[in-house]
Amino acid sequence: MSVEKKLIKDKIPKHIAIIMDGNGRWAEKNGKERTFGHENGVESVRSVVEGAGEIGVQYLTLYAFSTENWGRPKLEVDALMGLLVQSISNETVELMKKNVRLQVIGDVKSLPENVQCKLNWCIDTLKNNTGLTLVLALSYSSRWELTDAVRRIAEDVQQEKIKTDDIDKDLIDSYLNTAGMPDPELLIRTSGENRISNFLLWQIAYSELYFTPVLWPDFRKEDLFKAIYDFQHRERRFGKTSEQLMS
Ligand code: IPE
Ligand code: IPE
Ligand code: MG
């Protein structure tokens with residue numbers, strides 16, 4: 001039986017986040033430039049978006065470019081930005097057919113003008129869709145997001161829009177880029193690295209972590225289903241005891 005058929009239908013995570021890693025190593029393995037790995041990663045994105053939509057995931061957040069990735073060689077950064085614009089152009093029709101919406105988290109204003117333009121156009125084109133919400137993390141890092149949120153909270157306290165006493169978990173949630181989204185129940189990282197690399201630190205407080213050695217350009221929806229299968233067989237205790245969960 002395929003893994004997809006073994007999935008428990010009413011236990012599909014509402015929100016899955018993925019750290020798409022290993023493009024460079026994949027290219028190296030194939031004797032090619034790093035950019036070749038990024039290009040091939042697009043097919044993986046296509047496949048997981050399709051798979052997530054098929055099984056009824058509501059939010060799929062993909063870490064595509066981190067704040068720290070700006071420090072890579074200019075040639076690679078430029079290639080990644082170019083690939084982003086090209087992929088949005090090529091994929092929007094398909095995303096429309098799949099009833100997918102698009103959202104972006106991260107410091108969007110730091111992206112090149114043409115990237116921002118294409119993103120806004122794509123978000124607007126897909127805005128009335130009702131299926132999966134694809135969330136791209138671009139120029140994103142959790143410490144950037146939290147710093148930005150703290151600054152805006154402080155401003156709103158200063159301008160007496162809120163009181164210090166109003167600051168609680170829900171208020172902080174509402175100042176994050178992910179406001180309105182459920183926290184990810186499952187976080188996947190490919191390429192065998194066992195770290196978080198500044199991704200969604202606040203939101204993954206109780207996420208299940210799944211690390212796989214598969215390099216991102218080799219990752220397909222079947223690998224996503226395998227991760228979800230694994231997730232469905234874990235006991236999420238949220239600080240309680242196993243006995244408490246049974247009763
Ligand atoms: C992930 O693959 C893509 C981005 C971070 C943009 P990498 O480019 O990090 O690939 P490795 O980790 O060097 O193999
Ligand atoms: C994390 O991958 C960022 C993205 C996948 C966009 P990196 O390859 O940049 O992470 P580190 O440097 O290995 O921690
Ligand atoms: Mg990497």
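Reading the values: the criteria
Residues numbered from 1 in each chain as written. Chains lettered and ligands numbered in written order. Predicted model: local features only at pLDDT ≥ 70, side-chain atom pairs only at ≥ 80, totals over all residues. Heavy atoms only, no water. Near = heavy atom within 4 Å. Polar contact = N/O pair within 3.5 Å; in protein donor to acceptor, adjacent residues only side chain to side chain. Areas by Shrake-Rupley, 256 points an atom, 1.4 Å probe, with all protein chains shown as cover. Helix = DSSP H or I, 4+ residues; strand = E, 2+ residues; numbered from the N terminus. Phe/Tyr/Trp six-rings, centres within 6.5 Å; stacked < 30°, edge-to-face > 60°. Buried < 20%, exposed > 50% of the residue type's maximum accessible area, 1.4 Å probe, protein only. Pairing = 2+ DSSP bridges. Axes fitted to C-alpha atoms, helices over the stretch in contact; angles between N-to-C directions. Contact = heavy atoms within 4.5 Å. Nonpolar A, V, L, I, M, F, W, Y, C, P; charged D, E, K, R; others polar. Salt bridge = Lys/Arg side-chain N within 4 Å of Asp/Glu carboxyl O.

**Structural notes on the site of ligand 1**
- Every residue lining ligand 1 is accounted for by M20, D21, G22, N23, G24, R25, R34, H38, A64, N69, R72 and L80.
- Within the side chain of D21, an N or O atom sits 2.8 Å from an oxygen atom of ligand 1.
- Contacts to ligand 1 include R25, whose side-chain N or O atom sits 2.7 Å from an oxygen atom.
- Expressed as a share of its isolated accessible area of 380 Å², the protein-covered part of ligand 1 is 87%.
- Elements that contribute at least two residues to the shell around ligand 1 include exactly α2 (23-29) and α3 (34-55).
- Sort the elements by how many residues they give to the shell around ligand 1 and α2 lands first, with three residues.

**Quick word on the packing of aromatic side chains**
- Tallied over the full model, the rule gives seven aromatic pairs.
- Considering the side-chain rings of Y63 and F199, the 4.1 Å spacing of their centres and the 10 degrees angle between planes classify their relative orientation as stacked. Of the two residues, Y63 is situated in strand β2 (residues 59-66) and F199 in the loop between β5 (186-189) and β6 (208-211); the sequence distance between them amounts to 136 residues. Just as Y63 is buried, F199 falls in that class too.
- Look at Y206 and F238: their rings are 5.2 Å apart centre to centre, the planes differ by 45 degrees, and that puts the pair in the tilted class.

**Let's talk about the sheet that holds strand β4 (residues 133-140)**
- With parallel pairing, the six strands of this open sheet are ordered in space as β3-β4-β2-β1-β5-β6. Sheet topology places β3 (101-105) and β6 at the edges, where each strand pairs with a single neighbour. Each strand of the sheet is rotated relative to its neighbour by a mean of 20 degrees, with strand direction disregarded.
- Two strands pair when backbone bridges link them, and β2 and β4 are joined in this way by seven bridges, in the parallel orientation. Bridge pairing links Y63 to A137 in β4.
- Packed onto the sheet, helix α5 (residues 113-125) meets β3 and β4 and runs at close to 140 degrees relative to β3.

**Quick notes on the environment of L119**
- Structurally, L119 can be placed in helix α5.
- Residue L119 is classed as buried on the basis of its relative accessible area of 1%.
- Linking L119 and I88, residues 31 residues apart in sequence, is a C-alpha distance of 7.3 Å.
- Residue contacts for L119: discarding those within four places in its chain leaves I88, L102, V104, L111 and L138.

**A look at the side chain of Q116**
- With respect to the secondary-structure elements, Q116 resides in helix α5.
- Among all residues touching Q116, those that are not within four sequence positions of it are V108, K109 and L111.

**Observations concerning the pairing of β3**
- Sheet analysis places β3 next to β4, joined by five bridges and oriented parallel. When the bridges of β4 are listed, L102 appears paired with L134.

**Looking at the site of ligand 2**
- With respect to spatial proximity, the complete set of residues near ligand 2 consists of I19, M20, D21, Y63, A64, F65, S66, N69, R72, R189, R195 and S197.
- Here an oxygen atom of ligand 2 and a side-chain polar atom of S197 are 2.6 Å apart.
- For ligand 2, whose free accessible area comes to 390 Å², the fraction covered by protein is 78%.
- Per element, the largest residue contribution to the shell around ligand 2 is four residues, and it comes from β2.
- Each residue belonging to the shell around ligand 2 can be placed in one class, and the counts come to five nonpolar, three polar and four charged.

**Let's talk about the pattern of salt bridges**
- Considering all chains together, one arrives at 22 salt bridges under this definition.
- The partner of E50 in a salt bridge is K98, with the nearest N and O atoms 3.5 Å apart. Taken together, the residues E50 in helix α3 and K98 in the loop between α4 (74-97) and β3 connect sequence positions 48 residues apart.
- Under the relative-accessibility criterion, E50 is labelled partly exposed at 31%.
- Taking the relative accessible area as the measure of exposure, K98 reaches 23% and is therefore partly exposed.
- Among the ionic pairs, K221 bridges to E50, the shortest N-O distance being 2.9 Å. Residue K221 is located in helix α8 (residues 221-232), and its partner E50 is located in helix α3; the two are separated by 171 residues in the primary sequence.
- According to the relative accessible area criterion, K221 is buried, its value standing at 14%.
- A single salt-bridge network, built from bridges that share partners, covers E50, E54, E94, K97, K98 and K221.

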